[in-house]
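What follows is each chain in one-letter form.
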Amino acid sequence: MNFVPIQVFSHYSIGRALPAPEQIVDRCKELGYTSCALTDHNSISGAIEWHKACKEAGIKPIIGIKLDLCDQHPSIKDKTNPSTSHITLLAKNLRGWKSLIRITSEANANYYQGPRLSLDCLKEYQEDLLAIVADKELTEKANKIFSALFTVYNAALPESYYCKKEDAIDHRVVLCSYLKTTLKQVHSKLNSNLVKFF
């Protein structure tokens, strides 16, 4: 099968997603996927577990992260500099993986309502990563900042927070806790969005 899930989240996306990396791999096998990306939100904590499970199943692992971005330098930690957008970064190779480790460390060092960086902070890591953004304006901004070494794709991709349709209610209960809201509010918000399973 040629389709490769790119924005897939595990329980390492705390409060946002359900499955363990191994459960995602099992689902990929069921669906006949030969490759899949794990792009947890502000975290690469599941990457080693993910890589091992994929290799054992004969699936090509892609390791990435969905990173929160702020407009100004992330050292400005106040309400004038909130996280306003996201960028998905995928490692092309071992050097890309090492870049993801450094990026995650830097994002956590600049924690303000969550780990985050600005686009400018990503300049030094551009060589061995692919970047995906869903916002046209952010794509244009990224292309102005980065050289041709950093490939920035503008794409609206479905996000997978659970593996099967029957997991939807469990996912919504997790979201209630994370968002401090009711199941009714979560239902109405998600019913208008893309399906969140694969």
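Residue positions are given per chain, counted from 1 along the sequence in the order it is written. Where totals are concerned, whole chains, interfaces and linings use all residues; where local detail is concerned, this predicted model gives features only for residues with pLDDT of at least 70, and gives and counts side-chain atom pairs only at 80 or more. The basis for the side-chain values is all heavy atoms of the structure; hydrogens and waters are excluded.

Asker: I'd love a proper account of the nonpolar core, names of residues and values included.
Answerer: Nonpolar side chains in soluble globular proteins tend to be buried together. Of all hydrophobic cores here, the largest spans 37 residues; its most connected members are Leu67, Ile87, Leu89 and Leu122. The way it works is that DSSP assigns letters per residue, a run of H or I at least four long becomes a helix, a run of E at least two long becomes a strand, and they are numbered from the N terminus. Put simply, the parts of the chain that give this core at least two residues each are α1 (21-31), β2 (35-38), α2 (47-57), β3 (60-70), β4 (83-91), α3 (94-109), β5 (129-133) and α4 (136-145). Put simply, a nonpolar core is a bunch of buried Ala, Val, Leu, Ile, Met, Phe, Trp, Tyr and Cys residues held in one set by side-chain atoms that sit within 4.5 Å of each other. Burial here depends on accessible area, computed with a 1.4 Å probe over protein chains only, as a share of the maximum for the residue type. Under 20% is buried, over 50% is exposed, and the range in between is partly exposed.

Asker: Just give me the short version of the pattern of salt bridges, but keep the residues and values in it.
Answerer: Any carboxyl oxygen of Asp or Glu within 4 Å of a side-chain nitrogen of Lys or Arg constitutes a salt bridge here. For the coordinates displayed, the defined rule picks out 4 salt bridges. Ionic pairing is found between Glu30 and Lys164, a salt bridge with its closest N-O pair at 3.5 Å. Residue Glu30 is located in helix α1, and its partner Lys164 is located in the loop between β7 (159-160) and α5 (168-179); the two are separated by 134 residues in the primary sequence. A relative accessible area of 27% means that Lys164 is categorised as partly exposed. Across the pair Lys66 and Glu159 runs a salt bridge whose closest N-O atoms are separated by 2.3 Å. Of the two residues, Lys66 is situated in strand β3 and Glu159 in strand β7; the sequence distance between them amounts to 93 residues. Its relative accessible area of 9% is what places Lys66 among the buried residues.

Asker: Quick rundown of α4? Include the residues and the values.
Answerer: For an α-helix, 3.6 residues make a turn, and residues three or four places apart therefore share a direction. Turning to α4, its buried residues are Leu138, Thr139 and Ala142. Projection of α4 onto a plane perpendicular to its axis shows the buried side chains occupying an angular sector of 105°, all on one side. Along α4, the residues that are exposed and aim more than 90 degrees away from the buried face are Lys136, Glu137 and Lys144. Here a polar contact is recorded for every N or O atom pair within 3.5 Å, except that within protein the pair must consist of a potential hydrogen donor and a potential acceptor, and residues adjacent in sequence are included only if both atoms are side-chain atoms. Two to three positions downstream of the cap, the backbone nitrogen of Glu137 sits 3.0 Å from a side-chain oxygen, assigning the N-cap of α4 to Asp135. The arc in question is formed by the directions pointing from the helix axis toward the C-beta atoms.

Asker: Got a sec to walk through the pairing of β3? Specific residues and values, please.
Answerer: The buried fraction of β3 amounts to 10 of the 11 residues, a majority that puts the element mostly inside the structure. Pairs of strands are assigned from DSSP output, requiring at least two bridges between the strands. Note: β2 against β3, 4 bridges, orientation parallel. Paired with Leu38 across the strands is Ile63, a residue of β3. Sheet topology note: the β3/β4 ladder contains 7 bridges and is antiparallel. Paired with Cys70 across the bridge in β4 is Ser83.

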